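# What the coordinates show
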Amino acid sequence: MNTDFDRFKAFYQTSSFWQGTLGGLKQFPLSNFNFNHLGQRTETLELPAIPAGTVLGKRAEYFFRFCAEQSSNYKVLLANEQIYRGNRTLGELDYILYDLHNKRTLHVELVYKFYIYEPGKPYYSNYLTPAQNRELACYVGPNRRDYFIKKFEHLKNNQLPLLSIPETQAHLKTLQIEAAAMEQQVCFLAHVYIPRAMWSHDFKYLNKRCIKGYYMDEFAFAKAETTHTYYLPEKKQWKMMAQPLQESYSFQEVLPLVQDSLKRGFAPLVWMKKEDLGMESFFVVSALSKS
C-alpha cells in the first residue's frame, strides 16, 4: 500500500488535534465531509495532480480541497486566496466553504502537523487556561523548530483576523461573498508521538486518536539494538500507517542513516517491523537542545 490514493486515504483518516472548541477555536473535522453519494467509486476518483517535491503541508491543502469538492454537503467558494494591500501580500485565506445543508458560509484554516510531547516547555498563550497551557506547551515539532502554542497564537492573531480587515472585506464583496456573518473554524490535524513511559498518561486536551507512536533521543536509539527490520519512510509517507517498504534495513544499517539525518537537522521517522510481524512507528530526535 503506497499509492497516491492510499496517501489520500491516510490524509482523510487524520484526526483533529482537539475535539470541539479550544481557546475559542472550533474544529472542522474531516468527518464533516459526506461522501455517501460516491458509494464504492472512491478508489476510481481522479486525485489532484500534486507536483513532485510538494511539501507535506501543501499536499494536505490539495487533499482538503479535493475532499470539499467531492463531498455532497460543501461547495468550495475560494481556496488559497491571497489578500493584497497594493503590491504587498497581507496573507492568505485557506478556504471559504458553503455548507449546502445548513445554508451558511465558513472560513476554514487548515493546519497539518507532526508533534512530539516533550514535558516542561515554557510556552504560553493568553487564550488558554493555565492547565491548558501546561499540557499544550509541550507539543513541539520533532526538529523543535515549531510548537503548538506558536501556531495557535498565529491562528488567533493573524490568520483568522485576516477575514475582517478592509482589504479582505472589499475583495470578497467583488466576488459577491458575504463576509459579515461568516463563521470561522480550523481544521487542525495532527500526528502525535509521546515518550514510551507516558503511554498510559491522561492527556486532557489532546484528541487521543492523534497518538501514533513514541519517540526517543539519538543516544537511546543507539543503545536499542534489535534484530528487527527497519524502514525510513519519505516525508510524504509519514501520515500513513507503519508498513513494510521496498527498502529495508538492519539496525546496523539504519543507525548511521538516522545519525546523518539528525546531523543535517532533521529528526527521522522510523518504522520497525518486529519479529512477531507487529509494526511500530517512532521518531528519533536530537538530544542536544531541549528548548
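These notes cover the structure that comes with them. What you see is a predicted model, and the numbers here were worked out from it, not measured in a lab. (Residues numbered from 1 in each chain as written. Predicted model: local features only at pLDDT ≥ 70, side-chain atom pairs only at ≥ 80, totals over all residues. Heavy atoms only, no water.)

A few words on the pattern of salt bridges. On inspection of all chains with the given rule, the structure shows 14 salt bridges. The salt bridge partner of Glu183 is Lys26, with a shortest N-O separation of 3.7 Å. Placement of the pair is Glu183 in strand E7 (residues 183-195) and Lys26 in strand E2 (residues 25-26), with a sequence separation of 157 residues. Relative accessible area serves as the criterion here: at 36%, Lys26 is assigned to the partly exposed category. (Salt bridge = Lys/Arg side-chain N within 4 Å of Asp/Glu carboxyl O. Helix = DSSP H or I, 4+ residues; strand = E, 2+ residues; numbered from the N terminus. Buried < 20%, exposed > 50% of the residue type's maximum accessible area, 1.4 Å probe, protein only.)

Moving on, we come to unusual backbone geometry. Phi is positive for Arg144, which is not a glycine, with a value near 60 degrees. Looking at the element boundaries, Arg144 is found in the loop between strand E6 (139-140) and helix H4 (148-159). Even without a glycine there, the phi angle at Gln176 is positive, about 60 degrees. Inspection of the secondary structure assignment puts Gln176 in the loop between helix H5 (166-174) and E7.

Once that is clear, we can look at the packing of aromatic side chains. On inspection of all chains with the given rule, the structure shows 36 aromatic pairs. Ring geometry for Trp238 versus Phe283: centroids 5.1 Å apart, planes at 85 degrees, classification edge-to-face. A residue pair is termed long-range when its members are at least 10 positions apart, and Trp238 in the loop between strand E9 (229-231) and helix H7 (251-263) and Phe283 in strand E11 (residues 279-285) qualify at 45 residues. A single burial state applies to Trp238 and to Phe283, both of which are buried. Three or more aromatic residues joined by ring pairs form one cluster here, namely Phe8, Phe11, Phe63, Phe66, Tyr112, Phe114, Tyr193, Trp238 and Phe283. Arg145 extends its terminal NZ or CZ atom over the ring of Phe266, reaching a point 5.3 Å from the ring centre. (Phe/Tyr/Trp six-rings, centres within 6.5 Å; stacked < 30°, edge-to-face > 60°. Lys NZ or Arg CZ within 6 Å of the ring centre and 35° of its normal.)

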